[in-house]
Amino acid sequence: MALLEAEQLVSVFPTQGEPVRAVDGVDLHIDEGETVCLVGESGCGKSAFALSAMGLMPSGRDAHPNGRLHFDGEDVLKWDEQRWCAIRGRDIGMIFQEPMTSLNPVIRVGTQLMEPLLIHGLANRTDARRQAIEALARVGIPQPDRMLERYPHELSGGMRQRVMIAIATICRPRLLIADEPTTALDVTVEAQILELLADLKQQHGMAMLFITHDLGVVAELADRVYVMYAGQIVESGTLAQVFDQPGHPYTQGLLRSMPRRHQRGRRLYTIPGTVPPPHQRPSGCRFAPRCPYADAACEQPVTLRDLAAGHTVRCVHPDRARSQQDE
Amino acid sequence: MNDPVQPILAVRNLTVQFPLRRRPGQPRRHVHAVRGVSLDIAPGETLGLIGESGCGKSTLARAIVRLAPITSGEVYLAGNPWHNLPERRLRPLRPAAQMIFQDPWSSLNPRMRIGRIIEEPLIVQKRGDRDERQATVARVLEQVGLHPDDAGKYPHQFSGGQRQRIGIARALVLEPQLLLADEAVSALDVSVQAQILNLLADLRAEHRFSMLFISHDLRVVEQVSDRIAVMYLGKIVELGSPEDVLDHSRHPYTRALVEAVPEIDARGRRRVILGGEPPSPINPPRGCAFAGRCPRAQDRCHTEDAVLTGDDHQVACHYPLTEDPG
Ligand SMILES: Nc1ncnc2c1ncn2[C@@H]1O[C@H](COP(=O)(O)OP(=O)(O)OP(=O)(O)O)[C@@H](O)[C@H]1O
Ligand SMILES: Nc1ncnc2c1ncn2[C@@H]1O[C@H](COP(=O)(O)OP(=O)(O)OP(=O)(O)O)[C@@H](O)[C@H]1O
Ligand code: SF4
Ligand SMILES: [Mg+2]
Ligand SMILES: [Mg+2]
């Protein structure tokens, strides 16, 4: 049984005008102990999905009658805020995209680190302090006891992100949702943090939803990959399926626009056009206006289809994309 | 190195220290963020700057544009001293060096229309009348791939990549000789990043500005740079052409950086991980700052400063790597 399972999940941002369907029918599952990467262009709904999985977005049945979201077999769309508070930070940890919005700049690191343990009644103060020091040491912070006294605003980006990871994992969650946790970091720290996350995964069987736009990181980390576009999943499969035999033209575009070593001064490939805003999504394939292979068949809504066992794609012409890829 | 062309930017022995709050009964201590950096950027040249988090890259850039206090050392812009100018005399010269920031979200005032955001530097500099300024704004918007009509919109109506274009437009509107891009594409996803990198390449070809390009992504820095500088704990430890620095690294730290790059083609690889932590910039160690993490370190490295030496390919290391072992 999947640890987290979304089916046709819809989540909306209520706005003054028309609500924004940021997550628009997403199917995604994460098994116990598995690392799943979610990639896609800015604004496609990755963070909104992460927030939904933490019960931080209106998703429920009001948003979409067929939408389902299960955690550990339980229907979480039925949970009230009190239930979520008991789960959040304990069973599901989260590292947010912008550390400064989730770390309070004027509260000492130590206090913020001990808080989840105290809130969930997992430790008394003395014990929480000891665990806080251990957690900081685990994420590679030198002199962790002194770090307890410092304020987030005094720290460099890398240090803040380590503190964030220490907080998110201090209760040893079963699922860690990490929203671009290494995007602002340099490669050596990133390598250490990915190793750290891999260790946490191995030692505690922690499952992870890792959101990133760095396909190099995905290549290193992922068991499986989901590619998201305009609120929907457009491709999913094992790392090898998605990276070596991408079936969706969008996945191919992403792979081709990635800067790689030894491409000095060469012009990068860019996907033409931009992501349609939520209220202007095409009724057919949402990628069609940017797609080199689009034709009349793409004007009808496209459903996810199986390319191979465990490899799905939302495209009517995956063969066209693939024959191009082989050239 | 003995380039007869006068550099757009010359930095000499630049030091930036931030005072820390004094603890009772103890002398005041400092964060030694930049520790004696010297570098040149030629007209039209892009110098890439890489290095670990907290090594002082942003502080160096901010000190160059006088947004961070210079403790000692010199900065020359197109040959003119710049480090010691009082704010009053600095202001009319500021247009020459403009910064693009990492965060396209927080660096734009949400309550100002785009046109006004881009026009603002022109107003501050008392350039042109209203009509001329608005014509300039329209032109710059087109240069960065936006529409002149976008001038009437607010920042929240744009995507991250578009906002970064707005940030670039704001930096370009004063026709700077030097652009300092501090992690300008780091927050963007790959396809938008590719657009912005291509845009910067086009603008550079057209306007011939020089650029200090800071990024933690070595693949991006390699893509855009004519030369690359590697920084460690406030100092430049290696400097040279991308080929020299990345393919024939001489400093063990640079080698570690290169090996840490996540690559699509290196599937499931466990990267070679540089252990340990950079030393504290509050108490920089004697000798080479990398010695504590360096596989090649000898006694001398812990006591004797490693000074940046060499001609085109400079390295600050007592026992530099010689030939690429493959
Ligand atoms: N608070 C909000 N109110 C209304 N709309 C929002 C809000 N936050 C995000 N959106 C919209 O919802 C959509 C999905 O946004 P989301 O933040 O999930 O994207 P993302 O994939 O995480 O992008 P990025 O890579 O830039 O982080 C976007 O169209 C965005 O403009
Ligand atoms: N205003 C300040 N007061 C005190 N210390 C500061 C201040 N600004 C920066 N520092 C410190 O100076 C050092 C260099 O910081 P800087 O931001 O320049 O590093 P960086 O190389 O840009 O790092 P990153 O890759 O994380 O952006 C760090 O130790 C940082 O904590
Ligand atoms: S369905 Fe058509 S438009 Fe959409 S990605 Fe496939 S080929 Fe392109
Ligand atoms: Mg996001
Ligand atoms: Mg910085």
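Throughout this description, residue numbers start from 1 for each chain and increase along the sequence as written. To read the labels, note that chains go from A and ligands from 1, taken in the order they are written. For a predicted model such as this one, the threshold for reporting local features is a pLDDT of at least 70, and the threshold for listing and counting side-chain atom pairs is 80 or more; totals across whole chains, interfaces and linings nevertheless cover every residue. For the side-chain quantities, the full set of heavy atoms in the structure was used; hydrogens and water were omitted.

A.B. asks: Break down the packing of aromatic side chains for me, citing the residues and quoting the values.
C.D. replies: Between rings of Phe, Tyr and Trp, where Trp is taken as its six-membered ring, a pair exists when centres lie within 6.5 Å; planes separated by under 30 degrees are stacked, by over 60 edge-to-face, and by other angles tilted. This structure, assessed with the given rule, holds seven aromatic pairs over all chains. Measuring from ring centre to ring centre gives 4.9 Å for W79(A) and W84(A), while their planes differ by 70°; the resulting arrangement is edge-to-face. Residues W79(A) and W84(A) agree in their burial class; the two are buried. Cluster of aromatic residues (ring-pair linked, three or more members): Y229(A), Y250(A) and F287(A). Across the ring face of Y319(B), the terminal group of R300(B) is positioned such that the distance to the ring centre comes to 5.9 Å. For every residue, the accessible area (1.4 Å probe, protein chains only) is compared with the maximum for its type, and the residue is labelled buried under 20%, exposed over 50%, or partly exposed between those bounds. Cation placement over rings: the criterion is NZ of Lys or CZ of Arg within 6 Å of the ring centroid and within 35° of the ring normal.

A.B. asks: For the sheet that holds strand β6 (residues 97-100) of chain B, give the residues involved together with the corresponding values.
C.D. replies: Residues and elements named next belong to chain B. Between any two strands, pairing holds if DSSP finds at least two bridges. Helix and strand labels come from DSSP, where a helix needs a run of H or I of at least four residues and a strand needs a run of E of at least two; each type is numbered from the N terminus. The strand order across the open sheet formed by seven strands is β6-β7-β8-β3-β9-β10-β11, and the pairing between neighbours is mixed. In the strand order of this sheet, the two ends are held by β6 and β11 (314-315), each with one partner. Of the pairings in the sheet, the one linking β6 to strand β7 (residues 178-182) comprises four bridges and is parallel in character. Bridge pairing links A97 to L178 in β7. Each of β6 and β7 touches helix α5 (residues 160-172); the most contacted strand, β6, lies at about 175° to it. In this analysis, two residues are considered to be in contact whenever any of their non-hydrogen atoms come within 4.5 Å of each other. Here, axes are lines fitted to C-alpha atoms. For helices the fit covers the stretch in contact, and angles between N-to-C directions go from 0 to 180 degrees. Each of β3 (46-51), β9 (227-232) and β10 (235-240) is contacted by helix α9 (residues 252-259), which is oriented at about 105° to β9, the strand it contacts most.

A.B. asks: Before we move on, could you go through the pairing of strand β11 (residues 305-308) of chain A and cite the residues and values that matter?
C.D. replies: By the bridge criterion, three bridges tie β11(A) to strand β12 (residues 311-313) of chain A in an arrangement that is antiparallel. Each bridged residue has a counterpart across the sheet, and for A308(A) the counterpart in β12(A) is H311(A).

A.B. asks: Give a detailed account of the interface of chain A and chain B, specifying residues and quantitative values.
C.D. replies: Contact with chain A, which involves 55 residues of that partner, is made by 51 residues of chain B. The contact between chain A and chain B buries some 4,500 Å² in all, and 49% of this surface belongs to carbon and sulfur atoms. Here, a salt bridge means any Lys or Arg side-chain nitrogen found within 4 Å of an Asp or Glu carboxyl oxygen. The interface formed by chain A and chain B contains five salt bridges. We call two N or O atoms a polar contact when they sit within 3.5 Å, provided that within protein one can donate a hydrogen and the other can accept it, with sequence-adjacent residues counted only if both atoms are side-chain atoms. Taken together, the links from chain A to chain B amount to nine residue pairs in polar contact (both at pLDDT 80 or more). Residues were grouped as follows: Ala, Val, Leu, Ile, Met, Phe, Trp, Tyr, Cys and Pro as nonpolar; Asp, Glu, Lys and Arg as charged; and all remaining residues, including Gly, as polar. Tallied by class, the residues present in the side of chain A that touches chain B amount to 22 nonpolar, 18 polar and 15 charged. Values labelled buried area give the accessible surface lost by two parts on being combined, using a 1.4 Å probe and summing over both.

A.B. asks: Which residues make up the pairing of β10(B), and what values do they have?
C.D. replies: All names here are of chain B. Of all six residues in β10, five are buried; the element is thus mostly enclosed. Note that β9 and β10 share five bridges and pair antiparallel. For M231, the partnering residue across the bridge sits in β10 and is I236. Linking β9 to β10, which pair antiparallel, is a turn of two residues; within it L233 sits at a positive phi near 45°. Sheet topology places β10 next to β11; two bridges connect them, and they run antiparallel. The residue of β11 that forms the bridge with L239 is Q314.

A.B. asks: Tell me what's going on with the site of ligand 3, and back it up with residues and numbers.
C.D. replies: Note on definitions. A residue lies near a molecule or strand when any single heavy atom of the residue is within 4 Å of it. Around ligand 3, the surrounding shell consists of H248(A), P249(A), C285(A), F287(A), A288(A), C291(A), Y293(A), A294(A), C298(A), C315(A), V316(A) and H317(A). Grouping the amino acids of the shell around ligand 3 by side-chain chemistry returns 10 nonpolar, two polar and no charged.

A.B. asks: Now, about the packing of helix α5 (residues 109-119) of chain A against helix α6 (residues 125-138) of chain A: what can you tell me, with residues and values included?
C.D. replies: Residue and element names in this part refer to chain A. At a minimum axis separation of 9 Å, α5 and α6 run at an interaxial angle of 115°. Taken as a pair, α5 and α6 cross one another with a handedness that is right-handed. Counted together, V109, L113, M114, L117 and L118 of α5 and R125, A128, R129, Q131, A132 and L136 of α6 form the full contact between these two elements. Considered class by class, the residues forming the contact of α5 with α6 number eight nonpolar, one polar and two charged. For a crossing to be left-handed, the near helix must be turned anticlockwise from the far one by less than a right angle; the clockwise case is right-handed.

A.B. asks: Quick rundown of the site of ligand 1? Include the residues and the values.
C.D. replies: Residue and element names in this part refer to chain A. Taken together, 15 residues surround ligand 1, and among them S42, G43, K46, S47 and A48 come closest. Here an oxygen atom of ligand 1 and a backbone polar atom of G43 are 2.7 Å apart. G45 is positioned such that a nitrogen or oxygen atom in its backbone is 3.0 Å from an oxygen atom of ligand 1. Coverage of ligand 1 by the protein chains reaches 68% of its 640 Å² of free accessible surface. Mapped onto the shell around ligand 1, the elements with two or more residues apiece are β2 (20-30) and α1 (46-53). Top element by residues in the shell around ligand 1 is α1. It accounts for three residues. Taken together, the residues of the shell around ligand 1 break down into six nonpolar, six polar and three charged. Per-residue and other accessible areas were derived by the Shrake-Rupley procedure at a 1.4 Å probe size, with only the shown protein chains allowed to occlude residues.

A.B. asks: So what's going on with the sheet that holds β2(A)? Residues and values would help.
C.D. replies: All names here are of chain A. Strand order in this open sheet of four strands is β2-β1-β4-β5, and the pairing throughout is antiparallel. Only two strands of the sheet have a single neighbouring strand rather than two, namely β2 and β5 (74-75). Summarising the sheet, strand β1 (residues 4-13) and strand β4 (residues 68-71) pair through four bridges and their orientation is antiparallel. From the neighbouring strand, A6 faces β4, where its bridge partner is L69. In the packing of α1 onto the sheet, the strands contacted are β1, β2 and β4, and the crossing angle to β1 comes to about 110°.

A.B. asks: Before we move on, could you go through α1(A) and cite the residues and values that matter?
C.D. replies: Along an α-helix, a turn takes 3.6 residues, which lines up residues three or four apart on a common side. Residue and element names in this part refer to chain A. Burial analysis of α1 places seven of its eight residues in the buried class, the great majority of the element. Within the span of α1, buried status applies to K46, A48, F49, A50, L51, S52 and A53. Backbone geometry just downstream of α1 places G55 in the positive-phi region, at approximately 65°.

A.B. asks: Tell me about the packing of α5(B) against helix α6 (residues 190-207) of chain B, and name the residues and values.
C.D. replies: Residue and element names in this part refer to chain B. Across the interface, α5 lies against α6 with an axial gap of 10 Å and an inter-helix angle of 20°. Considering their axes alone, α5 and α6 lie roughly parallel with respect to each other. For the pair α5 and α6, the sense of crossing is right-handed. The segment α5 lies against α6, with G161, Q164, R165, I168 and L172 engaging V192, Q195, I196, L199, L200 and L203. Of the residues contributing to the contact of α5 with α6, the split by class is seven nonpolar, three polar and one charged. Any angle from 65 to 115 degrees is called roughly perpendicular, while one under 35 is roughly parallel, one over 145 is roughly antiparallel, and all others are oblique.

These figures come from the coordinates and say nothing about function on their own.
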